[in-house]
Structure formats: C-alpha cells, structure tokens
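Chain residues, written in single-letter form:
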Protein chains: 2
Amino acid sequence: MLGVDPGLTVTGWGVVEANGSVLRSVAYGVIASSAESPLPLRLAAIFRQLVQVIGSHQPVVAAIEEVFMARNAASALKLGQARGAAMVAVSHCGLAVHEYSALLIKKSVVGYGRADKQQVQAMVRLLLAMPELPRADAADALAAAVCHIHHAATAQRLVAAS
Amino acid sequence: MLGVDPGLTVTGWGVVEANGSVLRSVAYGVIASSAESPLPLRLAAIFRQLVQVIGSHQPVVAAIEEVFMARNAASALKLGQARGAAMVAVSHCGLAVHEYSALLIKKSVVGYGRADKQQVQAMVRLLLAMPELPRADAADALAAAVCHIHHAATAQRLVAAS
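Residues numbered from 1 in each chain as written. Chains lettered and ligands numbered in written order. Predicted model: local features only at pLDDT ≥ 70, side-chain atom pairs only at ≥ 80, totals over all residues. Heavy atoms only, no water.

*Asks:* Sorry, what's going on with the packing of helix H3 (residues 102-110) of chain A against helix H4 (residues 117-127) of chain A here?
*Replies:* What describes two packed helices is the angle between their axes and the distance between those same axes. Residue and element names in this part refer to chain A. Relative to each other, H3 and H4 sit at 50°, their axes nearing to 9 Å. As the angle between them shows, H3 and H4 are arranged oblique. Like other packed secondary-structure pairs, H3 and H4 cross with a definite hand, here left-handed. Listed contacts from H4 to Lys106, Val109 and Val110 of H3 are Gln119, Val120, Met123 and Leu127. Residues belonging to the contact of H3 with H4 are distributed by class as follows: 5 nonpolar, 1 polar and 1 charged. (Axes fitted to C-alpha atoms, helices over the stretch in contact; angles between N-to-C directions. Helix = DSSP H or I, 4+ residues; strand = E, 2+ residues; numbered from the N terminus. Parallel < 35°, antiparallel > 145°, perpendicular 65-115°, else oblique. Left-handed = near helix turned anticlockwise from the far one by under 90°. Contact = heavy atoms within 4.5 Å. Nonpolar A, V, L, I, M, F, W, Y, C, P; charged D, E, K, R; others polar.)

In structure tokens, the structure reads:
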C-alpha cells in the first residue's frame, strides 16, 4: 500500500503493510526539489523517484490526497503539476489509485478532521510503531495509506456481513 | 520538433519539421478524455499517448505553452495536472522542453499577441501548408512548435553573427 502526498517542492511517500489489523511502515521518504531547477526536471524527478519506490516495494494500490480547492490559482497550478506527475507514475506502474479528502485522512488517523500536522505525525508514528517521528510530508503520505487500509477493511467487513 | 497544448479535456499535439525556412506538419492530433473517466486514467492517457507520439516521430525537442496564471484555482488545478502529465511524458522520453508564453506563441505565428483561436488556426494552416484547418487544440500545439523553431533560428543567427 503506497501513500503519496504530492507537492512541487516536497512530495512525501510511504509504504505501509497490513498484517491483519497490525500496520507497519515498510519505507517512507520525501522527494525534494529546488525552485531553481527547471520545472520539467522537477516533475520528472517526482515521476522517476516514485517509479523507483514502486519498483523496490511493489505496492499494488496507491492512496493520494484529494484536492478540491487550493488557496489560489498560482499554488493550484504548482500543486496540480506535481499531482499530475505523481498520478502518472502510479498509473504507469499499474497501481489502482484511490483519492481521499484531507478531512477523511486526518479523521482516519487522528479521529479528528481538523488535526494539525504535528498531531498527524504523532499518530502516524504511534499507529505504525515507528522508532522516530516521520517528517510532516512523509507522515501525510503514510496517513493516506492508513486511511485507505481502514476504508478497505470496513468495505470488506460490510461485504462479509451482507 | 513537438508542440504540446495540454488540457485535461483535450490535449493538442503536433510534430513540425523544418527544412531550412520551409516548415511542414509531420503529424498532429488531440488526446481527448471524458469527464466521467477517473482522473488517474485521464492523466495516464495523456502520458501514454504522448509517449506513443514521441516513439513514432522521434522529436528531440518539445515546446509547451507557459502558464502564468489560470482563471481560478479549480481550473488551475485541472490544467496543472494535465500539464504535469504532459511534461513528465516529454521529460521521460529525454526531450528538451522549452516553455513559451501564449503571447509569444501567437505573436510568432500571427504577428499579434492577442490573436484569437481562428486566426491561429488559419495562420498555422498557411505556415505549414496544411490541406485542411487543424482543430484549435492541435493548432495551438503546432503554433508552439513553430514558435520554438523561429526562436531557435534567431538564436542561431545571433550566435553566427557574433
């Protein structure tokens, strides 16, 4: 299970494994790029590094934060480009992509949709029994993966019960 | 020389060949996607079809319209995602990418930065001696390619003169 938190400056990613109800983080990290680097190279780095992560860890499903509205048109354009590069990497590798709202992701890990970044980091660390606090962008990516696992499990229980 | 005019609903593309000052369109087309199709598949289609076009025609340089500002955050996000998918395709295939403003592209083909879509279509047809009018999105992509060829030629003459 791969979680991705795309951004032009920093894209977070995290691979989570579920063994029954026990979750653990297999690997996580960030893809950072300098604002001085040309845009095509920055987008290509997001694509290439995500393809490498997928090649190394072989997840079959990806979760990504859904974006309804950005602060303004300029930041929406930047975020959109990073998101396009990340989605193409994931689709290109044949993963199924699920989108979840930030509200649902936070609710899923912290139990509260308006949780701040620190709360998400702390709860992700706890839920995945991580030895150290993941940095915010990686924590958001891991949280998206946890959110998908919770929702997939609920969906399966509903099917089993019917 | 590949020109791309990215868009989530329609992405135009065109391959232009320069033989001295004589230009011709080698191939052009549009990648259209339905709003009912899931976003990851729409973006993957832009990526995949551009990779196919590049594989078939082997351009080494790509020109793409630069976007400074979109109408609003929602349309900027859509455009950004399509642009990200297109840029990743082009970078992934090893092409150098050049960005030109819409103003410069229009000026380059019509001689007037505020030209409308019909004027761009008509001038692209004329410049590339095309038997029929290309549809607007393909014409914009071909215009970006023509713009790059004009600018590259000017740059070379400047170097030669110095």
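*Asks:* What's the story with the pairing of strand E4 (residues 61-66) of chain B in this structure? I'm lost.
*Replies:* Within a regular strand, the side chains alternate between the two sheet faces. Residue and element names in this part refer to chain B. Both strand E1 (residues 2-5) and E4 contribute to a ladder of 3 bridges, which runs parallel. Looking at the pairing, Leu2 lines up with Ala62 of E4. Across 6 bridges, the pairing between E4 and strand E5 (residues 96-101) is parallel. Across the sheet, Glu66 pairs through a bridge with Ser101, a residue of E5. (Pairing = 2+ DSSP bridges.)

*Asks:* What's the story with the relation of the copies chain A and chain B in this structure? I'm lost.
*Replies:* Each of the two copies of the chain can be brought onto the other by a rotation about an axis and a shift along it. Laying chain A over chain B is done by rotating through 180° and shifting 0.0 Å along the axis; what remains is an RMSD of 0.0 Å. Between the two chains, the operation in question is that of a two-fold axis. The fraction of interface residues of chain A whose copies in chain B are also interface residues reaches 100%, indicating that both copies meet through the same surface. (Least-squares fit on C-alpha atoms with pLDDT ≥ 70 in both.)

*Asks:* Could you clarify how one ought to interpret the layout of surface pockets in this entry?
*Replies:* Picture a little ball the size of a water molecule; that probe, rolled over the atoms, points out where space is still empty. The calculated volume of the largest pocket comes to roughly 790 Å³. A:Asp5, A:Pro6, A:Glu65, A:Val67 and A:Leu79 are the residues nearest the centre of the largest pocket, which is lined by 31 residues in total. Contributions of two or more residues to the lining of the largest pocket are made by strand E4 (61-66), helix H2 (73-92), H3, H4 and helix H5 (136-161) of chain A. Split by residue class, the lining of the largest pocket holds 14 nonpolar, 5 polar and 12 charged. Of the pockets and cavities examined, the second largest pocket occupies roughly 500 Å³. Around the second largest pocket sit 20 residues that line it, and B:Asp5, B:Glu65, B:Ala102, B:Lys117 and B:Asp140 are the ones nearest its centre. Secondary structure elements with two or more residues in the lining of the second largest pocket: E4, helix H2 (73-92), helix H3 (102-110), helix H4 (117-127) and helix H5 (136-161) of chain B. Here the lining of the second largest pocket is built from residues that sort into 11 nonpolar, 1 polar and 8 charged. (1 Å grid on protein atoms, 1.4 Å probe; cavity = no way out; pocket = protein on both sides within 12 Å on 5 of 7 lines; lining within 4 Å. Points joined across faces, edges and corners; volume = space filled by probe spheres on them.)

*Asks:* For this particular structure, what's the right way to read the interface of chain A and chain B?
*Replies:* You'll often see interface size given as the accessible area lost when the parts meet. Listed as interface residues are 25 residues of chain A and, on the opposing side, 25 residues of chain B. Taking both partners together, chain A and chain B bury about 2000 Å²; carbon and sulfur atoms supply 79% of that area. In terms of surface lost to chain B, no three residues of chain A exceed A:Pro40, A:Leu77 and A:Val88, which account for 26% of the buried area on that side. Our count for the chain A to chain B interface comes out at 0 salt bridges. (Buried area = accessible area lost by both parts, 1.4 Å probe. Salt bridge = Lys/Arg side-chain N within 4 Å of Asp/Glu carboxyl O.)

*Asks:* I tried to follow the side chain of A:Gln81 on my own but got confused; where do I start?
*Replies:* Within the fold, A:Gln81 resides in helix H2. Classification of A:Gln81 by relative accessible area gives buried; the value is 3%. Filtering out sequence-adjacent residues up to four positions away, A:Gln81 remains in contact with A:Leu39, A:Leu43, B:Gly80, B:Gln81, B:Arg83 and B:Gly84. (Buried < 20%, exposed > 50% of the residue type's maximum accessible area, 1.4 Å probe, protein only.)

*Asks:* Looking at this model, I keep getting lost on H4(A). Mind explaining?
*Replies:* For an α-helix the count is 3.6 residues per turn, leaving residues at separations of three or four pointing the same way. All names here are of chain A. Buried residues of H4: Val120, Gln121 and Val124, and no others. For H4, the angular spread of buried residues about the axis comes to 100°, placing them on one side. Of the residues in H4, the exposed ones pointing more than 90 degrees away from the buried face are Gln118 and Leu126. Where H4 begins, the capping side chain belongs to Asp116, and its oxygen is found 3.3 Å from the backbone nitrogen of Gln118. Looking one or two residues beyond H4, the residue adopting positive phi is Ala129, at roughly 50°. (Arc of directions from axis to C-beta. Polar contact = N/O pair within 3.5 Å; in protein donor to acceptor, adjacent residues only side chain to side chain.)

*Asks:* Is there a simple way to explain the pattern of salt bridges in this structure?
*Replies:* Where charged atoms from two side chains of opposite charge approach closely, those side chains can pair. Residue and element names in this part refer to chain B. The full count for this structure, using the stated rule, is 8 salt bridges over all chains. One salt bridge in this structure joins Glu17 and Arg24, with 3.1 Å as the shortest N-O distance. Residue Arg24 is classed as partly exposed on the basis of its relative accessible area, which comes to 44%. Note that Arg83 and Glu99 form a salt bridge whose closest N and O atoms lie 2.7 Å from each other. Highlighted residues: Arg83 in helix H2 and Glu99 in strand E5, separated in sequence by 16 residues.

*Asks:* Help me out: how do you make sense of the environment of B:Pro134 in this one?
*Replies:* Residues and elements named next belong to chain B. Within the element layout of this structure, Pro134 appears in the loop between H4 and H5. Given the relative accessible area of 1%, Pro134 is considered buried. Separated by 120 residues in sequence, Pro134 and Gly14 place their C-alpha atoms 9.9 Å apart. With near-sequence residues (within four places) excluded, Pro134 lies in contact with Tyr28, Gln121, Val124, Arg125, Ala139 and Leu142.

*Asks:* What is the right way to read the sheet that holds E4(B) from this model?
*Replies:* Strand pairing in a sheet is mediated by backbone hydrogen bonds. Such pairs are either parallel or antiparallel. All names here are of chain B. With mixed pairing, 5 strands are arranged side by side in an open sheet as E3-E2-E1-E4-E5. Pairing within the sheet leaves two strands with one partner each, and these edge strands are strand E3 (22-32) and E5. Neighbour-to-neighbour, the strand axes of this sheet turn through a mean angle of 25°, independent of strand direction. Relative to E3, strand E2 (residues 10-19) runs antiparallel, the two sharing 10 bridges. Within E3, the position partnered with Asn19 by the bridge is Val22.

Read these as geometric descriptors, not functional statements.
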